[in-house]
Structure formats: structure tokens, C-alpha cells
Amino acid sequence: MDAGVPLHLPQQMLNEREVVRQAGRHAIRQFLESHSCFSVLRASGKLVVFDTRIPIQLAFYALVEHDMLAAPLWDPSRAQFVGLLTVSDFIDLLCHYKTTNRDVSELATESISTILGQNPNLSRPFCGADSSCSLKQASVQLLSTRQDFLPIVFVEDMRVLACLTYTNILEHLVTHFREQRRLFDDSIMDLNVGTYGVENLVMVTLGQTLKDALDLMQQHCLSALPVVEVTANGNRKLCGVYSRSDITFLIQASDAQDAVNRLDATLADMIGLNGQLQQLPSQQQQDSGMALPVAVPTTPDALRTCSPQHTLQAVFESFAQLRFDRLYVVECDDLLVGVVSAKDLVQYFLTEPGDGAPVNVAN
């Protein structure tokens, strides 16, 4: 045998691949450490702040009017921020009122503080981050608090400048991160970025109601669910997505009671299935340079898919164009096998191999 031929080439290649993966993670961490939260804020950005004394229904309609998903809550009696109100909070309230048969018309007159006091499960403490802290610190704080929004505070006068999300962090990363080395050529499935296996996914079928979906999302702390059709051989074919922030049924309702009644509608009636499925170009198309731009709306909750073979590099490049909140991983015939969220991507870069916890912000 030639003494110059390595005896353990497969293991050597495996070790080299792990070195590249670690180099990629380290490069991203350094980038996030070197950029502050302030660098993510847009000059034209706007923020809505609610006085806790105003009616909660009025606050919700203000969120819709200003196209905002969340707003900080200000308690004038304590002269401080006391929490955060989101669009999904109001939807959860409607579900609660339907379950308990309470008079939903009181939402038009009862204040935010009164309603949150009666529903402590909707109340969350105000956990903000200094605008000068790094994006790495902000990412770790988002992960540790298990919240979808992180208020960014200018500590000199305690103003809230914006509410940061995982999508904002990834958008800044994709726009400004530059690296000559090919560090992200492994597939997302090989890297175990996301959740895989039908038995590990929470999903709903077209025949289930809107309230069924909302209850499942609240129970599992999810912001969206895949809507599937069960095929004759028991597979799950992806045909839509329903998000907790989807307020279409509320906008179409004539009043709060009509909105509550619409919770009994099936998901087949609620989601627009025609043209909803947006699939990324195949990995082969991307590798060959033949991938064409996909003309899709920029809403983060639009349904978009990829294959298990898509690389982390391809997902990032697609994110730069599509600004997604999540990708559903499908095989041939749109059979659902997994999901990758913006949170999963951030968590991957901040998690040590073999450890389920994010790295310490000091690292």
C-alpha cells in the first residue's frame, strides 16, 4: 500500500468540514459582535407607543392602520414602559372571549391595563435592550426571553426607538456581511437548522377551523402553522400557511362579534391558496447560475418553500431577496418534511456544537 495515501480519508474530510462550519459560525458571531442595534434602525422607521389607559380595541386598529405588528405600552401613573402589545394578542383575546362566552363588545371600552390585568397570560414584562449593545447581545436576549420582538431603548432619555426581530437581524446580516471564503455550502438539513420529520411538526389541515389553528399556535408558542392536505398514502402535502399575525378575517369583519363568529371558518375558506406557494429555485439552478428572480410579495408571512438540499448559502441569498420569516422544507410533490425559521438561523450561529444553549455574549 502506498504510504502516501491517508488511511482515514473519510474521517479527515469530516473533520475538515467541521472546521469550515465552525469558521462560518465564528465569522457570523464576529460580525454580530461588531455591529450595534443602532446600526439596524432605519432613518425612516416609525414606532407606535400606547398609553395603557386607551381602549384595547382602539390600540389594535391603530396597529393595523400604521402597519405595525407590535407596540410598547406606557403607564403614565408609573412613568415607565410596562410591556408590549402585539396584533396576535388581540386575536388571542377574541379566542378567549369566544371560549368563555364573554361579551366581546367590552373590548371597545375597556382599557389596555384593565384587559391585560384580567388576562395575565397576555401580559409580558418590558424587556428592552440598549441601542448601543451589539446585535449578538440582542440576539441572545431574544433567544433567552423567547419573545419575537425586542424593544430597542435609547438610554439617555429612555425612548424606545424600534422593536427588533430575528428577521431584522438577518436582513442586516445578509445586506452587510462580506466573506470571500465559501463557508456555508452544507445543506440546511445536514446542518440540522430547523425542525424535521412530520412527527416533530405542528400542522393543521384544510378542514380545521381558524380557532383550532390559533389555539395550537398559542399552545406551542408558534407564530405560524403549515396547512396540509393528507394524501391517500398518509403523506402531508403542503398547500398553505396560516400566521397568527394574519388579520384578514378581522379586517373583513363588520364588528368584534362578527370577528368572533369568523373563528369558526375553516382554513380552506380563510387562506388564499391560489398562487400562495412560492418555491425557491432548485439547488441545481442556483449552482448553475440559471436561477431567475422570483417576483413575490415581500410580506414575511407569505408561504415559501425550499428543498432539503438547499445550502445555508442559498437560503441566505434567497432571504436577501424575499425577506421571509420561515421556509417550509418540501420534497417532490410538495410533501412537507421540515421548517426553517429566521429564529432557527440566528440560533444556529449562536449555539455551540453539541450544546442546546446560545453562546455567552462575552464569547
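This text follows the structure it describes.
Bear in mind that the values here come from a model prediction, so they are computed numbers and not experimental data.

1. Observations concerning the overall build of the protein
Thought 1: Looking only at helices and strands, the protein has 13 helices and 14 strands in total.
Thought 2: The proportion of buried residues among the 363 residues of the protein is 47%.
Thought 3: Summarising the internal contacts of the protein: among those between residues at least 6 apart in sequence, 64% fall at separations of at least 24.
Thought 4: For the protein, the accessible area works out to roughly 18,200 Å², and carbon and sulfur atoms hold 51% of it.

2. Some details on helix H13 (residues 342-349)
Thought 1: The element H13 is extensively covered by neighbouring structure, given that 6 of its 8 residues are classed as buried.
Thought 2: Looking at H13, one finds that the buried residues are Ala 342, Asp 344, Leu 345, Val 346, Tyr 348 and Phe 349.

3. Observations concerning helix H6 (residues 166-176)
Since one α-helical turn is 3.6 residues long, residues separated by three or four positions face the same way.
Thought 1: Here H6 lies mainly inside the structure; 8 of its 11 residues are buried.
Thought 2: For H6, the complete set of buried residues consists of Tyr 166, Thr 167, Ile 169, Leu 170, Glu 171, His 172, Leu 173 and Val 174.

4. Observations concerning empty space enclosed by the protein
Thought 1: What the rule picks out here adds up to 2 cavities of 30 Å³ or more.
Thought 2: Quantified by volume, the largest cavity comes out at close to 50 Å³.
Thought 3: Residue lining of the largest cavity: Gln 57, Tyr 61, Phe 90, Leu 250, Ala 253, Asp 255, Ala 256 and Ala 259, and that is the complete set.
Thought 4: When its residues are assigned to classes, the lining of the largest cavity shows 6 nonpolar, 1 polar and 1 charged.
Thought 5: Here the second largest cavity is characterised by a volume of approximately 40 Å³.
Thought 6: Every residue along the wall of the second largest cavity is listed here: Arg 21, Gly 24, Arg 25, Leu 183, Phe 184, Asp 185, Asp 186, Leu 191, Leu 312 and Tyr 348.
Thought 7: Among the elements that make up the lining of the second largest cavity, the one with the highest residue count is helix H1 (residues 9-34) (3 residues).

5. Remarks on the sheet that holds strand S6 (residues 159-164)
Thought 1: Strand order in the open sheet made by the 3 strands is S4-S5-S6, with mixed pairing throughout. Edge positions in the sheet fall to strand S4 (129-130) and S6, since each of these pairs with one other strand and no more.
Thought 2: Taken together, the 2 bridges between S4 and strand S5 (residues 150-154) define a ladder with parallel strand orientation. Counterpart to Asp 130 in the pairing with S5 is Val 153.

6. Remarks on the sheet that holds strand S3 (residues 80-86)
Thought 1: Read across the open sheet, the 3 strands follow the order S1-S2-S3; overall the sheet is mixed. Both outer strands of the open sheet, strand S1 (50-51) and S3, are each paired with one neighbouring strand and no more.
Thought 2: Relative to strand S2 (residues 70-75), S1 runs parallel, the two being bridged by 2 bridges. Within the sheet, the bridge partner assigned to Asp 51 lies in S2 and is Trp 74.
Thought 3: Across the face of the sheet, helix H2 (residues 56-65) comes into contact with S1, S2 and S3 while running at roughly 70° to S3.

7. Remarks on the packing of aromatic side chains
Thought 1: The tally for this structure, following the rule as stated, stands at 8 aromatic pairs.
Thought 2: Aromatic side chains Tyr 348 and Phe 349 sit 5.2 Å apart centroid to centroid with 70° between the ring planes, which places their arrangement in the edge-to-face category.
Thought 3: For Phe 349, a relative accessible area of 2% gives the class buried.
Thought 4: Ring pairs connect the aromatic residues Phe 31, Phe 177, Phe 184, Tyr 348 and Phe 349, which therefore count as one cluster.
Thought 5: When the ring centre of Tyr 348 is taken as reference, the NZ or CZ atom of Arg 25 above it lies at 4.0 Å.

8. Quick word on the pattern of salt bridges
Close approach of charged atoms lets side chains of opposite charge pair.
Thought 1: Under the defined criterion, the tally for this structure stands at 12 salt bridges.
Thought 2: The closest approach of N and O atoms between Arg 21 and Glu 18, which form a salt bridge, is 3.9 Å. You can see Arg 21 and its partner Glu 18 sitting in helix H1, 3 residues apart, about one turn around the helix.
Thought 3: A relative accessible area of 17% means that Arg 21 is categorised as buried.
Thought 4: Glu 106 is the partner of Arg 102 in a salt bridge, and the nearest nitrogen-oxygen pair spans 2.5 Å.

9. Overview of the packing of H2 against helix H3 (residues 87-100)
Thought 1: Packing of H2 against H3 brings their axes to within 9 Å, and their N-to-C directions diverge by 135°. Taken together, the axis directions place H2 and H3 in an arrangement best described as oblique. Viewed along their axes, H2 and H3 form a crossing whose handedness is left-handed. Counted together, Ile 56, Gln 57, Phe 60 and Leu 63 of H2 and Val 87, Phe 90 and Leu 93 of H3 form the full contact between these two elements.
Thought 2: Here the residues of the contact of H2 with H3 sort into 6 nonpolar, 1 polar and no charged.

10. Here's the deal with the packing of H3 against helix H7 (residues 210-220)
Thought 1: Two elements in contact, H3 and H7, have axes whose closest approach is 11 Å; the angle formed by their N-to-C orientations is 115°. Here H3 lies roughly perpendicular to H7, going by the angle between them. For the pair H3 and H7, the crossing hand works out as left-handed. Contacts from Ile 91, Asp 92, Cys 95, Lys 98 and Thr 99 of H3 reach H7 at Lys 211, Leu 214, Asp 215 and Gln 218.

Definitions and limits used
- Residues numbered from 1 in each chain as written.
- Predicted model: local features only at pLDDT ≥ 70, side-chain atom pairs only at ≥ 80, totals over all residues.
- Heavy atoms only, no water.
- Helix = DSSP H or I, 4+ residues; strand = E, 2+ residues; numbered from the N terminus.
- Buried < 20%, exposed > 50% of the residue type's maximum accessible area, 1.4 Å probe, protein only.
- Contact = heavy atoms within 4.5 Å.
- Areas by Shrake-Rupley, 256 points an atom, 1.4 Å probe, with all protein chains shown as cover.
- 1 Å grid on protein atoms, 1.4 Å probe; cavity = no way out; pocket = protein on both sides within 12 Å on 5 of 7 lines; lining within 4 Å.
- Points joined across faces, edges and corners; volume = space filled by probe spheres on them.
- Nonpolar A, V, L, I, M, F, W, Y, C, P; charged D, E, K, R; others polar.
- Pairing = 2+ DSSP bridges.
- Axes fitted to C-alpha atoms, helices over the stretch in contact; angles between N-to-C directions.
- Phe/Tyr/Trp six-rings, centres within 6.5 Å; stacked < 30°, edge-to-face > 60°.
- Lys NZ or Arg CZ within 6 Å of the ring centre and 35° of its normal.
- Salt bridge = Lys/Arg side-chain N within 4 Å of Asp/Glu carboxyl O.
- Parallel < 35°, antiparallel > 145°, perpendicular 65-115°, else oblique.
- Left-handed = near helix turned anticlockwise from the far one by under 90°.

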